[in-house]
Amino acid sequence: MASAITSVRHSPLAFIVVLAAIFGALPPLVSTYELSLANEVLIFALLVMSIDVLAGYAGRVSLGHGAIFGISTYVVIYWTTIMGGSPWVGCFLGILAATFAAGVFALLAARVGGVYFLLLTLALGMIVWGVCLRWTSVTGGENGIRGSGRPDIIADPTVFYYVTLAVVLALTVIIWRFVHSPFGLTLRGIRDSESRMRSLGYGAATHIFLAFTITGLFAGVAGALYALFNDFVSPSTVQLAQSVEGLLMAIIGGIGTLFGSFIGAAAIILLENFVSQYTERWQMILGLTFIGAMIFAPEGILGALRKLFARSSSRQTKS
Amino acid sequence: MDRRTFLKHSGLALAATATSAFPMPHIARAQAGKAIRIGLMAPLSGVVAAGGKEIVEGFNMYWEEKGNQIAGRPVEVVVEDDAGNPDTALQKARRLVEQENVDFLFGNLLANTGLAVANYVRGNGVPYFIPVIAADDLTQRQRVKNVIRVAGYTASQMPRPLADWALKQGYKRIATISQDYTFGHEQCAGFSQVFTEGGGTIVGQLWNPLNTADFSPYIGQLGSMNIDAIFTMELGADASRFMKQYSDFGLKGQIPLLGAQNFTDQSVIRTSGPECEGIVSSAHFAEGSDNPETQKFVKAYSEKYGKLPSLYGFSHYSGALWVGQVIEGLKGDISNRDKFLDAVLNSELTNSPLGRPVRFDDYGNPIYDVYIRKVVKNAEGKYWNVPIETYPSVSQFWTYDPKEYLAKPPFSRDNQGIKKT
């Protein structure tokens, strides 16, 4: 684990360049449908990173980030469709609302850890879902709200894809910087031994509160992008399955690796959409993949790759 | 937290949603060549999967009868699972249109999935036919030109004749109980509006959440309201549970039960006992009608799938038939979308299982003769819906002027169209 962290510390730019090269080269090569999948992978990778900051670096597994993500989506669509406002202002308000909601969640959940944190965030997420489902006059209830289309400048799928790519990569750098800052190191300290950090004079609850709120901002950006991407929102966007899917992606990619988020999001979205075309039993394949990943690569795909590289390089230095 | 504790915690969460979170599509392909490609979406997993399966059955039944050919062109139906989830439905619609290059889309069951797909096709003009998406505004205030309700209906359209019938039975005081979501709000509003405008009183309106496990608190309230009848809009397992508990609590035989069409649909009463007998509902289709065309369809469907057809199967069979007839009229040339859509809107459904022609109103919603139906046991000992009265030419606007009607706000839980006295 330690070697994995050091290896990233030296080369975030290499990863960014690789990601930019892979995702940036896609549009001329794939169909518009496949591009929409890649777009979704990027949006979800951002959501997964926001979950990963908490789960991987602060040791707090949140099941509320899907709801925070969805709040932003709701606000953007509501602002543009019902209020007739500008989508840019809508995105700003959406991100603000998500950050605020994350702050409220964090106030309630910052003091607990482990399974209590998980259950508390789960419950808060369920409240958001319940409100979206039942407050029909505002949220449209079960039917949701239909959007009014993307602004002309980003209406073209390829242009929007590049905008998403730019936003996500920029935030990736920011998040990377965030978790490798002294603040991020404190979070890791809290993850490894909360009592020791407390006795050293660090306020664990304050740190978790701040970390949670800031990850809410990242999830909010992802939610706003999702609103522009899907142009539609309904309670299924804030439901528990959304949070769980995000967590699954984080685990498959590798908890605490950050860049694994892209791999996890891509793996699950591609599995969902491609394997399902060939077999009705694709859920079984997905299940077996998870079991396989847990047995052979419990650190996720990226974690396993790093271990492999570390092993081979140490063998080289020995010989 | 170390990795093991992390896995323990997350494993708990994953186990809870492991299977329900993801959809399960599969593809049915017919011949290759210059074929007409149709994208059919239905919920084949999730809570409404049973209805989704019947959508596929009814739809395929028509094309199989035709030998998977129409107007000399082979027909390929690509089936996708929307999982009853609007986000998934959108993704599948994108795949069908952008990857599978389908000529038009069909299907979906839940209103939210239909609305999501409607919003997507609004942008690209792909024709989209919705035989069971009943959301009022799709043919009212938020019409999308290329979304057409072939062989479908609006939610508030069907319960209105039932309200009129109830007034004729001399019912003065009625309470309603409905599922608390848009489809429930709209159906209940159609009933409440006509009933109160005809001089009746809606004594109370109860709203139960979807998947209500125990109806006893609601039934207790209904029992003490001093009412002449109850109008109820439930579907799926909720409908079965409500009927059963209503009967168990001894209200059956004391307070008559009136239901929205889905309440006594075959998808519900297929597995019901005597508790469903005698319930009155209203719909454009009654599998127990003695119309020879209807019986021919019911017999063919039962022989093929081993069960009486539900509204889902019937609607998609009729929808396929309707569009199929238009394609034959155009001699298989549907390359001009506007021409195709206009041809559909101006067409009439003939030779359908309803045994009488059906046409659209000016807003793209079919006008039906609506049956008041009663659940009785047939010769084979199975329960089915038999017409006891017919309301001819019922449109989505009932007796109102469409323009005035559309100027009013759409129905919701708070706006039930109840006339103030």
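K.L.:
Would you take a moment to explain the pattern of salt bridges for this structure?
P.N.:
Any two side chains of opposite charge can pair if their charged atoms end up close together. All names here are of chain B. Tallied over the full model, the rule gives 23 salt bridges over all chains. Notably, a salt bridge pairs Lys-66 with Glu-328, separated by 2.8 Å at the nearest N-O pair. In this pair, Lys-66 is assigned in the loop between α2 (49-65) and β2 (69-70) and Glu-328 in helix α11 (residues 311-329), connecting sequence segments 262 residues apart. Its relative accessible area of 35% is what places Glu-328 among the partly exposed residues. One salt bridge connects Lys-244 with Asp-248, and the closest N-O pair in it is separated by 3.4 Å. Taken together, the residues Lys-244 and Asp-248, both in helix α8 (residues 237-248) and four residues apart, mark about one turn of the helix. With a relative accessible area of 40%, Lys-244 lands in the partly exposed category. The network of salt bridges with shared partners includes Arg-37, Glu-76, Glu-80, Lys-92, Arg-95 and Glu-100.

K.L.:
Help me understand a nonpolar patch on the surface, please; the structure alone is not making it clear to me.
P.N.:
Together, Met284(A), Leu288(A), Ile291(A), Met294(A), Ile295(A) and Phe296(A) make up an exposed nonpolar region whose accessible area comes to about 680 Å². Looking at the secondary structure, you find Phe296(A) in helix α14 (residues 282-296).

K.L.:
Sorry if this is basic, but what is going on with the nonpolar core here?
P.N.:
Among soluble globular proteins, nonpolar side chains are generally buried collectively. Counting 97 residues, the largest nonpolar core has Phe23(A), Leu46(A), Phe212(A), Leu258(A) and Phe262(A) as the members making the most contacts within it. Counting residues per element, this core draws most heavily on helix α3 (residues 32-57) of chain A, which supplies 18 residues. Setting aside chain neighbours within four positions, we find Phe212(A) in contact with Leu54(A), Ser62(A), His65(A), Ile68(A), Ala102(A), Phe105(A), Ala106(A), Phe117(A) and Thr121(A). The next biggest cluster of nonpolar side chains, apart from the first, holds 89 residues, and it includes Val48(B), Ala134(B), Tyr312(B) and Tyr405(B).

K.L.:
Would you explain the environment of Gly220(A) in this entry?
P.N.:
Residues and elements named next belong to chain A. Counting through the fold element by element, Gly-220 comes out in helix α11 (residues 204-230). For the pair Gly-220 and Ile-68, spaced 152 residues apart in sequence, the C-alpha to C-alpha distance is 6.5 Å. Discounting residues that sit within four places of it in the chain, Gly-220 has contacts with Ser-72, Ile-95 and Ala-98.

K.L.:
Even after reading the chapter, I still don't get the confidence of the model for chain A, so can you show me in this structure?
P.N.:
Confidence along chain A averages 87 in pLDDT terms, with 94% of residues attaining 70 or more. With pLDDT under 50 throughout, residues 1-8 of chain A is counted as low confidence; its partners more than four residues away or in other chains account for eight contacts.

K.L.:
How do you make sense of helix α12 (residues 337-345) of chain B when you look at a structure like this?
P.N.:
It helps to recall that an α-helix has 3.6 residues per turn; residues three or four apart then point in one direction. Residues and elements named next belong to chain B. Every buried residue of α12 is listed here: Phe-340, Leu-341 and Val-344. Buried residues of α12 fall within an arc of 95° about the axis and therefore sit on the same side. If you follow the buried residues of α12, they end up packed against β4 (104-107), β5 (128-129), β6 (147-148), α11 and β13 (358-360). At the N-terminal boundary of α12, the capping side chain belongs to Asn-336, with an oxygen 3.2 Å from the backbone nitrogen of Asp-338.

K.L.:
Help me understand the pairing of strand β14 (residues 366-377) of chain B in this model?
P.N.:
Both faces of the sheet carry side chains from a regular strand, because those side chains alternate between them. All names here are of chain B. Inspection of the sheet shows strand β11 (residues 280-283) paired to β14 by four bridges, in the antiparallel sense. Bridge pairing in β14 places Ala-283 opposite Tyr-371. Two elements, β13 and β14, share two bridges in a ladder whose sense is antiparallel. From the neighbouring strand, Phe-360 faces β14, where its bridge partner is Pro-366. Remark: five residues form the turn of the hairpin made by β13 and β14, two consecutive strands paired antiparallel; Gly-364 in that turn has positive phi of roughly 80°. The sheet contact formed by β14 and strand β15 (residues 383-394) spans nine bridges and is antiparallel. The residue bridging Ile-372 from the neighbouring strand is Glu-389, located in β15. Taking the residues between adjacent antiparallel strands as the criterion, β14 and β15 are bridged by five residues, where Gly-381 takes a positive phi near 80°.

K.L.:
Explanation requested: helix α2 (residues 12-29) of chain A in the structure shown.
P.N.:
Residue and element names in this part refer to chain A. Taking 1.5 Å of rise per residue, 18 residues should cover 26 Å, and α2 covers 26 Å from first to last C-alpha, within 8% of that figure. Within α2 the residues assigned to the buried category are Pro-12, Ile-16, Leu-19, Phe-23 and Pro-27. Projected down its long axis, α2 carries its buried residues within an arc of 75°, all on one side. Exposed residues lying more than 90 degrees from the buried face of α2 are Val-17, Ile-22, Pro-28 and Leu-29.

K.L.:
Explain the confidence of the model for chain B here, please?
P.N.:
Where the model shows low pLDDT, its predicted coordinates should not be examined in detail. Residue and element names in this part refer to chain B. Within chain B, residue pLDDT values average 88, and 92% of them lie at 70 or more. The low-confidence segment residues 10-33, where pLDDT is below 50, has 65 contacts with residues more than four positions distant or belonging to other chains. Taken over the whole predicted complex, pTM reads 0.83, whereas the ipTM for its chain interfaces reads 0.78.

K.L.:
What is the right way to read the interface of chain B and chain A from this model?
P.N.:
Size of an interface, as often reported, equals the accessible area lost when the parts are brought together. The interface of chain B with chain A comprises 46 residues on the first partner and 54 residues on the second. For the chain B and chain A pair, buried surface summed over both sides reaches about 4400 Å², with 55% attributable to carbon and sulfur atoms. Counting every contact that joins chain B to chain A gives one salt bridge. Across the salt bridge formed by Arg134(A) and Asp180(B), the nearest N and O atoms sit 3.1 Å from each other. On inspection of chain B and its partner chain A, the count reaches 18 residue pairs in polar contact (both at pLDDT 80 or more). Of all the elements in the fold, those that place two or more residues in the side of chain B that touches chain A are α1 (3-17), α3 (86-99), α4 (111-124) and α6 (182-197) of chain B. Considered class by class, the residues forming the side of chain B that touches chain A number 24 nonpolar, 13 polar and nine charged.

K.L.:
Is there a simple way to explain the sheet that holds strand β3 (residues 73-81) of chain B in this structure?
P.N.:
To summarise the sheet geometry, strands pair through backbone hydrogen bonds and adopt either a parallel or an antiparallel arrangement. All names here are of chain B. One open sheet accounts for six strands, arranged β2-β3-β1-β4-β5-β6; its pairing is mixed. Two strands close off the open sheet at either side, each with one partner strand: β2 and β6. In this structure, strand β1 (residues 36-42) lies alongside β3, joined through seven bridges in parallel fashion. Considered in β3, the bridge of Ile-38 is made with Val-77. Sitting on the sheet, α2 is in contact with β1, β2, β3 and β4, with an inclination near 160° to β1.

What counts, and at which threshold
- Residues numbered from 1 in each chain as written.
- Chains lettered and ligands numbered in written order.
- Predicted model: local features only at pLDDT ≥ 70, side-chain atom pairs only at ≥ 80, totals over all residues.
- Heavy atoms only, no water.
- Salt bridge = Lys/Arg side-chain N within 4 Å of Asp/Glu carboxyl O.
- Helix = DSSP H or I, 4+ residues; strand = E, 2+ residues; numbered from the N terminus.
- Buried < 20%, exposed > 50% of the residue type's maximum accessible area, 1.4 Å probe, protein only.
- Patch = residues over 30% accessible without salt bridge, like charges linked within 9 Å, V, L, I, M, F, W, Y side chains within 5 Å.
- Areas by Shrake-Rupley, 256 points an atom, 1.4 Å probe, with all protein chains shown as cover.
- Core = buried A, V, L, I, M, F, W, Y, C linked by side-chain atoms within 4.5 Å.
- Contact = heavy atoms within 4.5 Å.
- pLDDT = per-residue confidence, 0-100.
- Arc of directions from axis to C-beta.
- Polar contact = N/O pair within 3.5 Å; in protein donor to acceptor, adjacent residues only side chain to side chain.
- Pairing = 2+ DSSP bridges.
- Expected span 1.5 Å × (residues − 1).
- Buried area = accessible area lost by both parts, 1.4 Å probe.
- Nonpolar A, V, L, I, M, F, W, Y, C, P; charged D, E, K, R; others polar.
- Axes fitted to C-alpha atoms, helices over the stretch in contact; angles between N-to-C directions.

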